[in-house]
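In case you want the letters, here they are:
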Amino acid sequence: MMTIGLSHYLVVAAALFCAGIFTMMTKRNAIGILIGVELVLNSTVLNLVAFACYLYRGAGKVDGQIFAIFVIVLAAAEAAIAVGICINLYKNWWTVDVDKASTLQG
Amino acid sequence: MNVRVKRIFPAAVAMLVGLGSTTLTALAAGSSAPTAAPPGGVLEAIMFYAVAIATVVSALGVCVSRNVVRMAVWLFLTLGSVALLYFLLAASFLGAIQLIIYAGGTLILLVFGVMLTSKSPWVRWEAPKLEVLGAGVVCLALFVTLSLVLCRASWPGAEAALPGAPVADIGRRLLTAYVVPFEVAGVLLMIVMVGAAHLARQEK
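Fair warning: this is a prediction, and the values are worked out from it, not measured in the lab. (Residues numbered from 1 in each chain as written. Chains lettered and ligands numbered in written order. Predicted model: local features only at pLDDT ≥ 70, side-chain atom pairs only at ≥ 80, totals over all residues. Heavy atoms only, no water.)

**Q** Sorry, what's going on with the overall build of chain B here?
**A** For chain B, the count of helices and strands is 7 helices and 0 strands. The linear arrangement of helices and strands in chain B, starting from the amino end, is α-α-α-α-α-α-α. Relative to its 204 residues, chain B shows a buried fraction of 31%. For chain B, the computed accessible surface area is about 12,100 Å², with 76% contributed by carbon and sulfur atoms. (Helix = DSSP H or I, 4+ residues; strand = E, 2+ residues; numbered from the N terminus. Buried < 20%, exposed > 50% of the residue type's maximum accessible area, 1.4 Å probe, protein only. Areas by Shrake-Rupley, 256 points an atom, 1.4 Å probe, with all protein chains shown as cover.)

The structure is reproduced here in C-alpha cells:
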C-alpha cells in the first residue's frame, strides 16, 4: 500500500478516462464535450509516461515521453480546430448546443 | 449579486486551496528529487496520494459542474495535478510542457471559446436525467472493471526506483530518431493555424 507502483498511476489514469467519457456523454455544450476530450487525452498521456517510467527506462530511453509530447501537441492542434468549428457553429445557429446542429442528419 | 458571490465563493476557495497545495507539493517534490528518495518511501506515497486525490476530485468536478466556466476551472486544477503526477514520475520536462501548453494555451483557448460562443457564459443545458444515470452507470462499471484488472495485473520488473531521464536525451532523440514525426508535427501545426483562422474568419 505504501509502495507506489505502476498500477496506482494506471488507476488514476482510468479514473480520468472515465470522468472524460462521462463528461462527453452528458454535456450538450460543444465546448463541454471538448473539455471531456481533453480529460481523456490527459489520461492517455499519463498512461504513456507511467509505462515509460516503470517499464522502459535506462540511459537514452525516452521514447514514452516523446510519444507523450506528440500527443500533447496533437491535443493542442485538435483544440484549436474544434474551437474554430464551435465559433463557426455559433455564427450559423446562434448556439453551440450539439443537439441543434443536426442538419446533416437529413 | 449576493447570490452570485455565494455561488462563486466555494469555487474560488477550492481553486486557492488547490493552487496552494499544488505549489507546496511541487516545492516538496523539487526539494526531495535530488536526494533520490528510496523506492516506496513514505514521503513519495504521501505525495502520490495527495496529488492523486486532487486529480480525481477535480476530474469529478469537471463531470458534475453544469456551467462551462466552472468546468474550465476544474479542468485547470486537473491539468495542474496531472503535471504534478508527471513530476512525481520523474518526467519534469513533460510536467513543464503540460503546464505551458495545456494550462497556459489550450485552457485559455477553451475559455475564449466559451466567451465567444454563448450569450451568457453561465448558461446551462441539462441532459435528460435518464441519460445522465445511464452514462454514470456505464462509466462507473468501466472504472471498476479497469481498476480490478489493473490491480490484479503483475508488471514484471516494475518495482524498482525511477531514474529520471535528462532533458538532453529527449532533445537528442527528438532530433535524430524522431526527426520526421517532429517535422510533420511542425507542418501539422502550421496547417492547423491556417485552418483555425480560416474557420473562425469574419464573413464579409
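**Q** Looking at this model, I keep getting lost on the interface of chain B and chain A. Mind explaining?
**A** Accessible area lost upon the coming together of the parts is a frequently used measure of interface size. Listed by partner, the interface residues are 83 residues for chain B and 73 residues for chain A. Here chain B meets chain A over a buried area of about 7,100 Å², counting both sides, of which 77% is carbon and sulfur. Where chain B packs against chain A, one counts 2 salt bridges. A salt bridge links B:Glu131 to A:Arg28; its shortest N-O distance comes to 2.4 Å. One can count 11 residue pairs in polar contact (both at pLDDT 80 or more) joining chain B with chain A. For the side of chain B that touches chain A, the secondary structure elements donating two or more residues are helix 2 (42–64), helix 3 (68–88), helix 4 (92–116), helix 5 (129–152), helix 6 (167–175) and helix 7 (179–199) of chain B. Looking at side-chain class alone, the side of chain B that touches chain A contains 62 nonpolar, 15 polar and 6 charged residues. (Contact = heavy atoms within 4.5 Å. Buried area = accessible area lost by both parts, 1.4 Å probe. Salt bridge = Lys/Arg side-chain N within 4 Å of Asp/Glu carboxyl O. Polar contact = N/O pair within 3.5 Å; in protein donor to acceptor, adjacent residues only side chain to side chain. Nonpolar A, V, L, I, M, F, W, Y, C, P; charged D, E, K, R; others polar.)

**Q** Hey, could you run me through the pattern of salt bridges in this one?
**A** Any two side chains of opposite charge can pair if their charged atoms end up close together. Applying the stated criterion across every chain yields a total of 3 salt bridges over all chains. Residue B:Arg173 pairs with A:Asp63 through a salt bridge whose shortest N-O separation is 2.7 Å. On the criterion of chain membership, the pair formed by B:Arg173 in helix 6 and A:Asp63 in helix 3 (residues 63–93) is interchain, its members lying in two chains. By relative accessible area, A:Asp63 is classed as buried at 9%.

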